[in-house]
Amino acid sequence: DPKIIQKPKYLVAVTGSEKILICEQYLGHNAMYWYRQSAKKPLEFMFSYSYQKLMDNQTASSRFQPQSSKKNHLDLQITALKPDDSATYFCASSQDWQDTQYFGPGTRLLVL
Amino acid sequence: QQNVQQSPESLIVPEGARTSLNCTFSDSASQYFWWYRQHSGKAPKALMSIFSNGEKEEGRFTIHLNKASLHFSLHIRDSQPSDSALYLCAVTTNTGKLTFGDGTVLTVKP
């Protein structure tokens, strides 16, 4: 059974719209993260949360908002979508910040 | 701002060869050092990590760290075709942020 679930697997959106990417982990971890990977840029850190508190935010834009409703959930809301947002978004989790981060299968987002 | 650089960009080796991948980082206060492997279309998966100077071996994989030189490396012994993948080095800060290099594409020819 997958321990980190990301939904949806694929997402096509129009420019200017808003989407929410879902992430749930069943590893009992205390820290969760979002990363982004595109053809133009390497795997890039976006956010880290520990015990549902924001630890680090490296996104330059407020269009990206993480949402943590439960300890094992960290969703990513993206507003005013742009074609440049097209990428695979990976959720990850770890027991604590220094421990191994396990990545989910990713959500592949295409903005037209 | 942490800068992580990997070399080479790509590498083709025969099956059974020993492979060496390199990573340099810029922040001397970096604490944990990682190698991840990503097969095509899949999520990155952690291979190994190290936090103190020296060497650590796990099966066919060995990681070396030299903090003074701002350098760490991954060595693969007896490379297999299944080792063909994108190898990513990464450095951790105390917020859990992993800063990744651009990766090395390894191809192991049978």
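Details of the structure are given in the entry above.
Below or above, wherever it landed, is the structure these notes cover.

1. Some words on the overall build of chain A
Then, in step 1: Check the secondary structure of chain A and you find 0 helices and 11 strands.
Then, in step 2: Compactness check: chain A gives a C-alpha radius of gyration of 13 Å against a globular reference of 13 Å for 112 residues, within 12% of the reference.
Then, in step 3: Dimensions of chain A, computed from C-alpha atoms along their principal axes, come out at roughly 35 × 30 × 25 Å.
Then, in step 4: By residue count, 47% of the 112 residues in chain A fall in the buried class.
Then, in step 5: Across chain A, the fraction of contacts at a sequence separation of at least 24, relative to all contacts at a separation of at least 6, is 54%.

2. Notes on the sheet that holds strand 1 (residues 4-7) of chain B
Residues and elements named next belong to chain B.
Then, in step 1: Taken in spatial order, the 5 strands of this open sheet run 1-3-8-7-6, and their pairing is antiparallel. Strand pairing shows two members of the sheet lacking a second neighbour, strand 1 and strand 6 (54-58), which therefore form its edges. Taken over all neighbouring pairs, the strand axes of this sheet differ in orientation by 15° on average, direction set aside.
Then, in step 2: Alignment of strand 3 (residues 19-25) against strand 8 (residues 71-76), held across 6 bridges, turns out to be antiparallel. When the bridges of strand 8 are listed, L21 appears paired with L74.

3. Brief notes about the state of the cysteines
Residues and elements named next belong to chain B.
Then, in step 1: One pass over the structure, following the stated rule, counts 2 disulfides over all chains.
Then, in step 2: Across a sulfur-sulfur distance of 1.9 Å, C23 and C89 are joined as a disulfide pair. Taking the torsion about the S-S bond as the criterion, the C23 to C89 disulfide, at about 65°, is right-handed. A residue pair is termed long-range when its members are at least 10 positions apart, and C23 in strand 3 and C89 in strand 9 (residues 85-92) qualify at 66 residues.
Then, in step 3: When its relative accessible area of 0% is taken as the criterion, C89 is described as buried.

4. Focus on the nonpolar core
Then, in step 1: Among the nonpolar cores identified, the biggest contains 22 residues, and F25, F33, W35, F72, L74 and Y87 of chain B are the most heavily contacted of them.
Then, in step 2: Those elements giving two or more residues to this core turn out to be strand 3, strand 4 (32-38), strand 5 (45-50), strand 7 (61-66), strand 8, strand 9 and strand 11 (104-109) of chain B.
Then, in step 3: For this core, the element with the highest residue contribution is strand 9 of chain B, accounting for 4 residues.
Then, in step 4: Counting residues in hydrophobic clusters, the runner-up holds 20 residues, among them I4, A13, L74 and L109 of chain A.

5. Notes on the environment of I78 of chain A
Then, in step 1: Relative to the helices and strands, I78 of chain A is located in strand 8 (residues 75-78).
Then, in step 2: Given the relative accessible area of 0%, I78 of chain A is considered buried.

6. Let's talk about the pattern of salt bridges
Residue and element names in this part refer to chain B.
Then, in step 1: The final tally for this structure, using the stated rule, is 6 salt bridges over all chains.
Then, in step 2: In this structure, the salt-bridge partner of D83 is R60, at a minimum N-O distance of 2.8 Å. Remark: R60 occurs in the loop between strand 6 and strand 7 and D83 occurs in the loop between strand 8 and strand 9; sequence separation between them is 23 residues.
Then, in step 3: You can call D83 buried: its relative accessible area is 1%.
Then, in step 4: Salt bridges linked by common partners bring R37, R60 and D83 together as one network.

Definitions and limits used
- Residues numbered from 1 in each chain as written.
- Chains lettered and ligands numbered in written order.
- Predicted model: local features only at pLDDT ≥ 70, side-chain atom pairs only at ≥ 80, totals over all residues.
- Heavy atoms only, no water.
- Helix = DSSP H or I, 4+ residues; strand = E, 2+ residues; numbered from the N terminus.
- Rg over C-alpha atoms; globule rule 2.2 N^0.38 Å.
- Buried < 20%, exposed > 50% of the residue type's maximum accessible area, 1.4 Å probe, protein only.
- Contact = heavy atoms within 4.5 Å.
- Pairing = 2+ DSSP bridges.
- Axes fitted to C-alpha atoms, helices over the stretch in contact; angles between N-to-C directions.
- Disulfide = S-S within 2.5 Å.
- Core = buried A, V, L, I, M, F, W, Y, C linked by side-chain atoms within 4.5 Å.
- Salt bridge = Lys/Arg side-chain N within 4 Å of Asp/Glu carboxyl O.

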